[in-house]
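This is what each chain is made of:
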Amino acid sequence: MQEPHERIVVSVGGSLIVPDGIDTDFLKRLKDLVLKKVQRGYSFTIICGGGRTARNYQNAAEAVTPLSRQDLDWLGIHSTRLNAQLLRNIFAGYAYPVVIHNPTIDIETEDPVTIAAGWQPGWSTDYVAVQIAKNLGAHRLANLSDIDYVYTADPKTSPDARKVERASWPEFRKLIPESWDPGLSSPFDPVAAKEAEALNLEVAIMNGAHLEDFGNYIDGKSFMGTVIS
Ligand code: UTP
């Protein structure tokens, strides 16, 4: 059988890594799945979000002293880097030994797993993921978060909200806000979406709680989630 040899970029929402405490069950399942696919010839660049750690530190700092947006972002960035160190250790023996901060630098590696984190204030880890995909020439970006699909409206507040299984980039961009603010509730950062559209990148949004869907997506099988291309 022909080996796949594809590098897939994966943005792992911080809410999956640190929903409240660190979700070791999720991390075990992620490791198992990724290493199974590595055995089949795939490689992965995984970008880690900040999750509860970012919010805890940002809220704590703000409770003590007024901070600039930039300072709050740095707390978020360091939270993503801490989570990335955690993943790098979890993938020891398979992962490139240094966490990637600057997504625009070329990393020459044979390691099947590379771990990346937030880079600079004003960005999101989604945007970092798109930059990495651009740099690597990757065609597929999987965005694992805590939602099953992109919806036509917020399903928590709009009973008429419909799930979207496939969307073009212009269709998707109509469903999300135009600009990005940290803490914004959007299935994918709008600035990252613009860049992904320009690159003709395929982005799949799915729920990391159902990792079998991620496995099916990698294999080109049908899965629960939204494909934007
Ligand atoms: P994330 O983009 O990781 O958010 O950035 P998140 O925790 O994954 O969010 P979910 O899981 O999608 O809900 C966390 C915070 O870190 C800062 C921002 O303040 C952001 O809110 N950040 C992150 C940056 O400023 N620059 C970066 O490159 C990345």
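Residues numbered from 1 in each chain as written. Predicted model: local features only at pLDDT ≥ 70, side-chain atom pairs only at ≥ 80, totals over all residues. Heavy atoms only, no water.

> Help me understand the site of the ligand in this model?
With respect to spatial proximity, 22 residues lie near the ligand, and among them Gly51, Asp73, Trp119, Gln120 and Thr125 are the closest. Within the backbone of Gly14, a nitrogen or oxygen atom sits 3.0 Å from an oxygen atom of the ligand. One of the backbone N or O atoms of Trp123 is found 3.0 Å from a nitrogen atom in the ligand. Compared with its free state, where it exposes 590 Å², the ligand has 82% of that area covered by protein. Of all elements in the fold, only helix 1 (14–17), helix 3 (51–64), helix 4 (69–90) and helix 5 (125–136) reach the threshold of two or more residues within the shell around the ligand. For the shell around the ligand, the element with the most residues is helix 4, which contributes five residues. Partitioned by chemical class, the residues of the shell around the ligand number six nonpolar, 14 polar and two charged. (Near = heavy atom within 4 Å. Polar contact = N/O pair within 3.5 Å; in protein donor to acceptor, adjacent residues only side chain to side chain. Areas by Shrake-Rupley, 256 points an atom, 1.4 Å probe, with all protein chains shown as cover. Helix = DSSP H or I, 4+ residues; strand = E, 2+ residues; numbered from the N terminus. Nonpolar A, V, L, I, M, F, W, Y, C, P; charged D, E, K, R; others polar.)

> Just to check I follow, could you spell out the environment of Ile77 for this structure?
Residue position: Ile77 is located in helix 4. A residue is classified by how much of its surface remains accessible, and Ile77, at 7% relative accessible area, is buried. As a C-alpha pair, Ile77 and Thr152 span 75 residues in sequence and 30 Å in three-dimensional space. Non-local contacts of Ile77, meaning those with residues more than four positions away in its chain, are made with Gly118, Trp119, Gln120 and Pro121. (Buried < 20%, exposed > 50% of the residue type's maximum accessible area, 1.4 Å probe, protein only. Contact = heavy atoms within 4.5 Å.)

> Which parts of the structure should I look at to understand helix 4?
For an α-helix, the turn length of 3.6 residues means that residues three or four places apart are oriented alike. With 22 residues, helix 4 should cover 32 Å at 1.5 Å per step; its first-to-last C-alpha distance of 32 Å lies within 8% of that length. Within helix 4, burial applies to Leu72, Asp73, Gly76, Ile77, Ser79, Thr80, Arg81, Asn83, Ala84 and Leu87. Here the buried face of helix 4 lies against helix 1, helix 2 (24–39), strand 2 (43–48), helix 3, strand 3 (113–116) and helix 5. (Expected span 1.5 Å × (residues − 1).)

> How do you make sense of the side chain of Ser124 when you look at a structure like this?
Inspection of the secondary structure assignment puts Ser124 in the loop between strand 3 and helix 5. A distance of 3.3 Å separates the side chain of Ser124 from the backbone nitrogen of Asp126, its partner in a polar contact.

> Would you explain unusual backbone geometry in this entry?
The phi angle at Asn200 is positive, at roughly 65°, despite the residue not being glycine. Classification of Asn200 as exposed rests on a relative accessible area of 67%.

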